[in-house]
Amino acid sequence: MDLQALIFDVDGTLADTERDGHRPAFNSAFREFGLAWEWDADLYAKLLKVTGGKERIRYFVDHFLTGYSKPADFDTLVGELHKAKTRHYVGMLDRGAIPLRPGVKRLLEEARKQGLRLAIATTTTPDNVIALLRNALAADAESWFEIIAAGDIVPAKKPAPDIYSWTLEKLGLDPRQCLAFEDSYNGIRASLGAAIPTVITVNAYTANDDFSGALAVLDGLGEPRQVFNPIHGNSYGKSCVDMELLRRWHGETTKPA
Ligand code: XBP
Ligand code: MG
């Protein structure tokens with residue numbers, strides 16, 4: 001089966017958004033609501049176990065806040081906090097505070113030139129994706145992606161495969177015609193759960209995650225002057241990920257056993 005589409009996760013994969021993006025945005029929202037909750041970088045590593053901002057706030061309250069009794073309108077509070085967090089986060093993106101990871105723009109441009117179909121499958125809020133694409137990639141970057149599957153579009157977030165299954169259905173493709181790009185354990189569980197061969201680019205929060213089943217694991221896509229370090233898989237002598245390398249990896253998945 002030919003490679004037809006590339007499906008990208010956003011947080012941690014297109015950009016390093018968590019430590020200096022989402023985390024301070026959550027903290028700004030907590031301050032705005034007069035809550036003395038502060039997520040430092042170490043605590044946030046533990047909270048990342050749960051995908052989705054609303055889900056993460058609930059997990060924090062249930063597991064890390066001893067002695068807090070939830071108000072009757074707790075669900076509303078979580079919703080309002082999350083809206084404020086999204087506003088703070090989008091504000092950061094609009095100020096250009098978060099760049100794409102090295103190699104992302106180069107690879108997307110090459111894929112577009114070669115007629116690959118592009119999609120996004122993420123648990124983050126749609127507004128966040130649009131703001132990142134517009135500010136960090138190109139003013140018209142939203143239109144580069146045929147499908148942007150994000151946030152609450154499916155109820156079960158990663159590691160459930162639902163967001164990837166939804167994307168495949170919209171693309172009308174077999175998983176073997178696609179490659180997914182992820183950065184985390186929850187992410188690869190979701191993509192492999194939908195049977196999509198997956199390339200991993202790790203980051204500081206996910207470097208020790210279990211990536212069993214990945215086609216390749218690297219520390220980034222690499223640029224000609226900022227080459228990747230391969231962690232697992234065959235790099236075929238390449239030092240940055242390009243369409244030729246992706247086709248090689250994809251070929252490994254379609255070889256007869
Ligand atoms: C990303 C996330 C997101 C963001 C927060 O996971 O966990 O929840 O941290 O986004 P993945 P929202 O990269 O696996 O998709 O606050 O907008 O939910
Ligand atoms: Mg991710």
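Each value, and the rule that gives it
- Residues numbered from 1 in each chain as written.
- Chains lettered and ligands numbered in written order.
- Predicted model: local features only at pLDDT ≥ 70, side-chain atom pairs only at ≥ 80, totals over all residues.
- Heavy atoms only, no water.
- Helix = DSSP H or I, 4+ residues; strand = E, 2+ residues; numbered from the N terminus.
- Buried < 20%, exposed > 50% of the residue type's maximum accessible area, 1.4 Å probe, protein only.
- Near = heavy atom within 4 Å.
- Polar contact = N/O pair within 3.5 Å; in protein donor to acceptor, adjacent residues only side chain to side chain.
- Donors = N, O, S within 2.8 Å, 3.2 Å for Na, K, Ca; no water.
- Domains from an automatic or database assignment.
- Contact = heavy atoms within 4.5 Å.
- Buried area = accessible area lost by both parts, 1.4 Å probe.
- Salt bridge = Lys/Arg side-chain N within 4 Å of Asp/Glu carboxyl O.
- Nonpolar A, V, L, I, M, F, W, Y, C, P; charged D, E, K, R; others polar.

Peer 1: Explain the environment of Glu169 to me, using residue names and the numbers behind them.
Peer 2: Positionally, Glu169 belongs in helix α7 (residues 162–171). Using a relative accessible area of 67% as the deciding quantity, one classes Glu169 as exposed. Here the alpha-carbon distance between Glu169 and Asp152, two residues 17 residues apart in the chain, equals 17 Å.

Peer 1: Explain the site of ligand 1 residue by residue, including any values.
Peer 2: Not every one of the 18 residues close to ligand 1 is listed here, only the nearest: Gly53, Arg56, His82, Lys85 and Thr125. The side chain of Lys85 places a nitrogen or oxygen atom 2.6 Å from an oxygen atom of ligand 1. Here Thr123 contributes a side-chain N or O atom positioned 3.0 Å from an oxygen atom of ligand 1. Secondary structure elements with two or more residues in the shell around ligand 1: α1 (18–32), α3 (53–64) and α4 (74–94).

Peer 1: Outline the coordination of the magnesium ion (ligand 2), listing residues and values.
Peer 2: Distances from the magnesium ion (ligand 2) to its protein donors, Asp9 (OD), Asp11 (O) and Asp183 (OD), fall within 2.1 to 2.2 Å. Given a relative accessible area of 5%, Asp9 falls into the buried group. Exposure remark for Asp11: the relative accessible area of 10% places this residue in the buried category.

Peer 1: Give me the domain arrangement of the chain: which residues, what numbers.
Peer 2: We note that the domain assignment places domain 1 (5–16 + 99–252) and domain 2 (18–94) within the chain. In this assembly, 15 residues from domain 1 lie in contact with 20 residues from domain 2. Buried area between domain 1 and domain 2, summed over both chains or domains, comes out near 1,400 Å², and the portion from carbon and sulfur atoms is 50%. Across the domain 1-domain 2 interface, the total number found is 2 salt bridges. Run the count over domain 1 and domain 2 and you get 8 residue pairs in polar contact (both at pLDDT 80 or more). Residue contributions to the side of domain 1 that touches domain 2 peak at 5 residues, all from helix α6 (residues 126–137). Classifying every residue of the side of domain 1 that touches domain 2 by side-chain character gives 3 nonpolar, 6 polar and 6 charged.

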